[in-house]
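# Commentary on secondary and tertiary structure
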Amino acid sequence: MKKERAKNNRTIELTDKEKIELKNRLLLLDVPVSKESVLNKTILGDLLEVVKFLPKSFADLIIIDPPYNLSKKFADLNFKKRSDDAYMEYLDSWFPKVLELLKPNGTVYLCGDWKSTSSLYIIMNKYLTVLNRITWQREKGRGSLYNWKNGMEDI
């Protein structure tokens, strides 16, 4: 029996041809690379490892969706909730390194949930001028057993 998608599910489905084309754009890094070699590529890897191989000042836009400060499993990685101070130390351990990749007139979008946004703002404000916040209102919130459903995130 084929599983049917919910009426409002807008998940993108790729054709086999699109999957092959996108796979060909994957870039695995284990040595420093030039600006030209990363253009129109999807970099596959752990940010904490690959950031040292990327060229400085090459990106117009960097979108980062770090693990929120939750105890949660992401693929094969387990992220454990930390104190606010420890979470900010974690953010501060990699955020300045990512900023080195940004062109002087570039933009950073950093995603977070309602709980992590205050920590994200403090770290961003330490290194950048924060101009705005985008609130993404999802049609369906994440379920919760003991609280309201989370139906929005900040960028």
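Presented here is an overview of the structure given in this document. Keep in mind that this is a model prediction, so the values were computed, not measured.

## Quick notes on the packing of aromatic side chains
Enumeration over the complete set of coordinates arrives at six aromatic pairs. When the ring of Phe-79 is compared with that of Tyr-90, the centres are 5.5 Å apart and the planes differ by 65°; the resulting orientation is edge-to-face. Here Phe-79 is found in strand β5 (residues 77-79), whereas its partner Tyr-90 is found in helix α4 (residues 84-99), with 11 residues between them in sequence. Looking at Tyr-90, the relative accessible area reads 15%, which means it is buried. An aromatic cluster is built from Phe-79, Tyr-87, Tyr-90, Trp-94, Phe-95 and Tyr-127, whose rings are joined through pairwise contacts.

## Some words on the pattern of salt bridges
Tallied over the full model, the rule gives five salt bridges. With a closest N to O distance of 3.3 Å, Glu-49 and Lys-52 form a salt bridge. Here Lys-56 makes a salt bridge to Glu-100, at a shortest N to O gap of 3.1 Å. Here Lys-56 is found in the loop between α3 (47-50) and β3 (59-64), whereas its partner Glu-100 is found in the loop between α4 and β6 (102-110), with 44 residues between them in sequence.

About the criteria used
- Residues numbered from 1 in each chain as written.
- Predicted model: local features only at pLDDT ≥ 70, side-chain atom pairs only at ≥ 80, totals over all residues.
- Heavy atoms only, no water.
- Phe/Tyr/Trp six-rings, centres within 6.5 Å; stacked < 30°, edge-to-face > 60°.
- Helix = DSSP H or I, 4+ residues; strand = E, 2+ residues; numbered from the N terminus.
- Buried < 20%, exposed > 50% of the residue type's maximum accessible area, 1.4 Å probe, protein only.
- Salt bridge = Lys/Arg side-chain N within 4 Å of Asp/Glu carboxyl O.

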